[in-house]
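Letter by letter, the chains look like this.
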Amino acid sequence: SRYYREVLPGEIVKISRYDVQTLDVVPRPEGDPSAFCIFEYVYFARPDSIFEGQMVYSVRRRCGQQLAIEAPVEADLVSTVPESATPAALGYAQKCGLPYVEVLCKNRYVGRTFIQPNMRLRQLGVAKKFGVLSDNFKGKRVVIIDDSIVRGNTISPIIKLLRESGAKEVHIRVASPPIRFPCYMGINIPTKEELIANRPEFHDLANYIGADSVVYLSVEGLVSSVQESIKARKENENSLKTQISRVGKIGHCTACLTGEYPVELEW
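Treat the numbers as computed from the prediction; the structure is a model and nothing was measured.

Student: Account for the pattern of salt bridges, with residues named and values stated.
Tutor: Within the structure shown, the criterion is met by seven salt bridges. One salt bridge in this structure joins arginine 151 and glutamate 194, with 3.2 Å as the shortest N-O distance. Pair noted here: arginine 151 is in the loop between β9 (141-146) and α5 (155-164) and glutamate 194 is in the loop between β10 (169-174) and α6 (205-209), with a separation of 43 residues, a long-range link. Accessibility expressed as a relative area gives 39% for arginine 151, which makes it partly exposed. Note that aspartate 212 is salt-bridged to arginine 163, the shortest N-O span being 2.8 Å.

Structure, rendered in structure tokens:
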């Protein structure tokens, strides 16, 4: 198989053995821009997916680079929790001039009854999924890049595990903004009350999860990382150029981050 092209927002496509035909393109009401889910780039999509003419991996790497501009830190190495945030971690490390080093490896035997994890890993719950590459970070200041922190209960045992294995400092950098609002467009985001960004603990999140510091990417930083290459390419693509000139912006839905929904909600 080979990549042919994307299906446009609202497009109805007929694929036959002979060709690909556009039957119709349903327009957005009143000429509003499209509202592509920005969290597809952050989390949901496979890194080799191509949306809006760009590879998801490349966008995630740019998010990491932007995060390094917004939230640098004095540290010795950059790493990630394998492996969804790896592109962002590589981008952050490259921009900061720090080495990217693996500190955790996935335990492929978890779930097999004949392999018993040791007591420490068993007590740490979620962290038993990972082995610790302690020689890589013992006595060092570590920056861990995560793609998102939703409830805040996954990262805590990992930070504890790194500290117990010799990390001098653990700084968390999140390559997306805090999720604060529910999605009514089909994504099953937890209720407002479950989201860590809406809880009192968020005001001292570093202490709550046991990190030396925590900083999220800004909404503006995420949007610019996603739209950078789209804007650079707009002169060469007439349909995109027309869309941008008509409404003055490229459309992405940031409702879960900002509470600004692309359509009026009806109850």
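Student: Describe the nonpolar core, and please don't skip the residues or the numbers.
Tutor: In this structure, Val78, Tyr92, Ile145 and Leu222 are the most contacted members of the largest nonpolar core, which totals 31 residues. Ignoring any residue separated from it by four or fewer positions in sequence, one finds isoleucine 145 in contact with Leu67, Val78, Ser79, Thr80, Val81, Ala85, Ala88, Ala89, Tyr92, Arg173 and Ala175. One finds Phe130, Ile159, Phe202 and Tyr216 within the second-largest nonpolar core, a separate group that totals 28 residues.

Student: Residue-level account of the layout of surface pockets, with values.
Tutor: If you add up the space inside the second largest pocket, you get close to 660 Å³. Forming the boundary of the second largest pocket are 27 residues, of which Tyr43, Asp146, Asp147, Ser148 and Thr154 lie nearest the centre. Breaking the lining of the second largest pocket down by element, the ones donating at least two residues are α1 (39-44) and α5. The element that contributes the greatest number of residues to the lining of the second largest pocket is α1, accounting for three residues. The residue makeup of the lining of the second largest pocket, split by class, is 14 nonpolar, seven polar and six charged.

Reading the values: rules and limits
Residues numbered from 1 in each chain as written. Predicted model: local features only at pLDDT ≥ 70, side-chain atom pairs only at ≥ 80, totals over all residues. Heavy atoms only, no water. Salt bridge = Lys/Arg side-chain N within 4 Å of Asp/Glu carboxyl O. Helix = DSSP H or I, 4+ residues; strand = E, 2+ residues; numbered from the N terminus. Buried < 20%, exposed > 50% of the residue type's maximum accessible area, 1.4 Å probe, protein only. Core = buried A, V, L, I, M, F, W, Y, C linked by side-chain atoms within 4.5 Å. Contact = heavy atoms within 4.5 Å. 1 Å grid on protein atoms, 1.4 Å probe; cavity = no way out; pocket = protein on both sides within 12 Å on 5 of 7 lines; lining within 4 Å. Points joined across faces, edges and corners; volume = space filled by probe spheres on them. Nonpolar A, V, L, I, M, F, W, Y, C, P; charged D, E, K, R; others polar.

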